[in-house]
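Okay, here's what each chain looks like letter by letter:
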Amino acid sequence: MTVLFGAVLALFVIQGFVFLKYQRQVKDICRQLSFLIKNDSNMRITSEMDLGGLGLLKNSLNDLLDIRRKEKNVYQEKEKTISEIYTSLSHDIRTPLTSLDGYFQLLEISEDPKEQERYIRIIQERITSLKEMLEELFLFAKLKNDSYQIELENCCFTRILKETVFSYYDEWAKKGIIPEIDIAKKQMYFIGNEAALKRLLQNVIKNGLDHGEKKICIFLLEEGERICLRIGNRVPHPEKINISRVFERFYKADGARSKNSTGLGLSIARELALRMNGQLTAKITGDMFWVEGIFTKTHEKTNGTQNKPKEGVR
């Protein structure tokens, strides 16, 4: 009887000790959680015991904290992107706006019809440049939004490239550029978006016009089941180009040339390529800067669309 009483007493003592330790552990977890909520820390909740569901509670709270930290990082990255967009917008627009103001003043005081005509032409060019810069910034912001989608359907890559190239002949002629072009005669198709591909090609070609010298090469080849695009232009100072950063937003190899550029052209081009399940890469060979694109070839009769709702690139 005495032995039984002693055993029961010992059991109660052990239970009381476990209960007190359990209670202290719950309070400690609450203290840690309160600290992590109030402070920016990567610490995780710890416990000395996992009995009575404490281990499950600890793991669930740590999972919740991990999700919260990831969401916070995404939010901070978006805030940083927005801040950079505003900063770049302010910087890039200030110069042409100042220029516009100057030419409007000259137009007001000028009495020479030829001078007035020249000032009007320059003002129109500046307004067009501003419009293009704002459109690029707007499109870039849309592409960084995960909910923004473009319709994908079977498109003729060859036709779109030829039409886009043809639209630049006047600009090349004005600059004395004779482009080297080799586009496969075979009509090649891919799952993409016509407006998006045109914008991609325009951005890459315009990058060459803005920052290159009097040489541009455009090649379109078929390699097995792949469509291979290569667009290159001669650059005056290839050593100044950080090839690992050319697709970064707002990257400019030469800040002095920023008056007509947001530094978003190639970044937008790469994002559009990714949206069409393709990829863009860049390299420098001698004094030539190359942008190379790879897309998956399909057959002409392929039907169907993907990535609803319907929307092109505007």
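Above this text sits the structure in question.
A quick note: this is a predicted structure, and the numbers were derived from the prediction, not measured.

Calculation rules
Residues numbered from 1 in each chain as written. Predicted model: local features only at pLDDT ≥ 70, side-chain atom pairs only at ≥ 80, totals over all residues. Heavy atoms only, no water. Helix = DSSP H or I, 4+ residues; strand = E, 2+ residues; numbered from the N terminus. Buried < 20%, exposed > 50% of the residue type's maximum accessible area, 1.4 Å probe, protein only. Contact = heavy atoms within 4.5 Å. Salt bridge = Lys/Arg side-chain N within 4 Å of Asp/Glu carboxyl O. Pairing = 2+ DSSP bridges. Axes fitted to C-alpha atoms, helices over the stretch in contact; angles between N-to-C directions. Parallel < 35°, antiparallel > 145°, perpendicular 65-115°, else oblique. Left-handed = near helix turned anticlockwise from the far one by under 90°. Nonpolar A, V, L, I, M, F, W, Y, C, P; charged D, E, K, R; others polar. Arc of directions from axis to C-beta.

### Some thoughts on the overall build of the protein
Of the regular secondary structure elements, the protein holds seven helices and seven strands. Start at the N end of the protein and walk to the C end: the helices and strands fall as α-α-α-β-α-α-β-β-α-β-β-α-β-β. Residue burial in the protein is summarised as follows: out of 314 residues, 38% are buried. Restricting to contacts in the protein with at least 6 residues of sequence separation, those with at least 24 account for 73%.

### A few points about the pattern of salt bridges
Counted under the stated rule, the structure contains 15 salt bridges. Overlapping salt bridges, with partners in common, bring together R159, E163, E194 and K198 in one network.

### Some points on the pairing of strand β6 (residues 279-285)
Taken residue by residue, a regular strand's side chains alternate between the two faces of the sheet. Here β6 runs beside strand β7 (residues 288-298); their pairing, made up of seven bridges, is antiparallel. Across the sheet, L280 pairs through a bridge with G293, a residue of β7. The hairpin turn running from β6 into β7, its antiparallel successor, is two residues long, and G286 in that turn takes a positive phi close to 65°.

### Things to note about the packing of helix α3 (residues 113-143) against helix α7 (residues 265-275)
Packing of α3 against α7 leaves a shortest axis separation of 10 Å and a crossing angle of 40°. Here α3 is positioned oblique relative to α7, judged by the angle of their axes. Where α3 crosses over α7, the handedness of that crossing is left-handed. Along the contact surface, α3 presents E136, L139, F140, K142 and L143, while α7 presents G265, S267, I268, E271, L272 and R275. Of the residues belonging to the contact of α3 with α7, the class tally is five nonpolar, two polar and four charged.

### Overview of helix α4 (residues 157-166)
Along α4, the residues classified as buried are F157, T158, I160, L161, T164 and V165. The buried residues of α4 occupy one face: seen down the axis, they fall within an arc of 165°.

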